[in-house]
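Here is what each chain is made of, one letter per residue.
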Amino acid sequence: AAATPRRAPLAVRGDGVIRCFSESDSEGARLLRVVAFPNTVTKQNVQDTLNPLNLGNTLGNFNAPQRKPFNGDRFEAVFDFGDPPPKKTTLLLSHRRVGLVSTNEETVEWVLLLAEVASVSIDSDDDTHVTVQARSADGSVSRTVRCGSREKASEVARRIRQVWRTARTAATRGAEGGVRGGGVF
């Protein structure tokens, strides 16, 4: 007889520390592997914020859109905002990217490389929104996350900043920063 799993796999964050089982972390790690851009995303309608004119692209399309943008990333955090069922959104955070995902369709609404992030702030007009500002030629690329409450916005901004800081530190040490671990077991 075939074995059937009793629970979702354990999600291990990028630091490699094994924590108590969390169903939301496990779902976040699963989403990290399966979410994809909707079929409408093409190279023409995605802006490369590091090189908007694609001049002298010596990185070999490093920042080109992929069908599964989180593929190969290590799980860091997931935030579910308790949206009504037709439009359930989740913020996924990996060691390289931050993105908003439509959970029902398992599609990416937006994603930014942490290397592109210039600032993370709680919106001054509405303290339940977190704004992630990206580096771009004109400084106009920003993404907003509606968190639902002031406490959730504060938690989301703190965690994004923490992972962003770690990614910047790792970038100064080398490609992967010498950090090992993470994934689903």
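### Details of the overall build of the protein
A count of helical and extended segments in the protein gives two helices and nine strands. Along the chain direction, N to C, the helices and strands of the protein fall in the order β-α-β-β-β-β-β-β-β-α-β. Taking all 185 residues of the protein together, the buried fraction comes to 38%. Of the contacts made within the protein by residues no fewer than 6 positions apart, 50% connect residues no fewer than 24 positions apart. For the protein, the exposed area adds up to about 10,700 Å²; of that, 51% sits on carbon and sulfur atoms.

### A few points about the sheet that holds strand β7 (residues 129–134)
The sheet built from three strands is open, its strands ordered β6-β7-β8 with antiparallel pairing. Taken across any chain shown, the strands that pair with only one partner, and hence form the sheet edges, are β6 (117–122) and β8 (142–146). Across the sheet, the mean angle from the axis of one strand to that of its neighbour is 15°, orientation sign disregarded. Across five bridges, β6 lies against β7 in antiparallel orientation. Pairing of V117 across the sheet is with A134, part of β7. In the packing of helix α2 (residues 150–173) onto the sheet, contacts are made with β6 and β7, and the angle to β6 comes to roughly 160°.

### Here's the deal with the nonpolar core
Counting residues in hydrophobic clusters, the biggest one holds 24 residues, and the most contacted among them are F81, L91, V98, V156 and I160. Where this core is concerned, the elements lending two or more residues are β2 (75–80), β3 (89–94), β4 (97–102), β5 (107–113), β6, β7 and α2. Examining the composition of this core, we find that six residues originate from one element, α2, more than from any other. V98 has contacts with F70, L91, L92, L93, W110, V111, L112, L114 and I160, leaving out every residue within four places of it along the chain.

### Quick notes on the side chain of S102
Mapped onto the secondary structure, S102 falls in strand β4. Not counting residues within four places of it along the chain, the set of residues in contact with S102 comprises K88, T107 and E109.

What counts, and at which threshold
- Residues numbered from 1 in each chain as written.
- Predicted model: local features only at pLDDT ≥ 70, side-chain atom pairs only at ≥ 80, totals over all residues.
- Heavy atoms only, no water.
- Helix = DSSP H or I, 4+ residues; strand = E, 2+ residues; numbered from the N terminus.
- Buried < 20%, exposed > 50% of the residue type's maximum accessible area, 1.4 Å probe, protein only.
- Contact = heavy atoms within 4.5 Å.
- Areas by Shrake-Rupley, 256 points an atom, 1.4 Å probe, with all protein chains shown as cover.
- Pairing = 2+ DSSP bridges.
- Axes fitted to C-alpha atoms, helices over the stretch in contact; angles between N-to-C directions.
- Core = buried A, V, L, I, M, F, W, Y, C linked by side-chain atoms within 4.5 Å.

On their own, these measurements won't tell you what the molecule is for.
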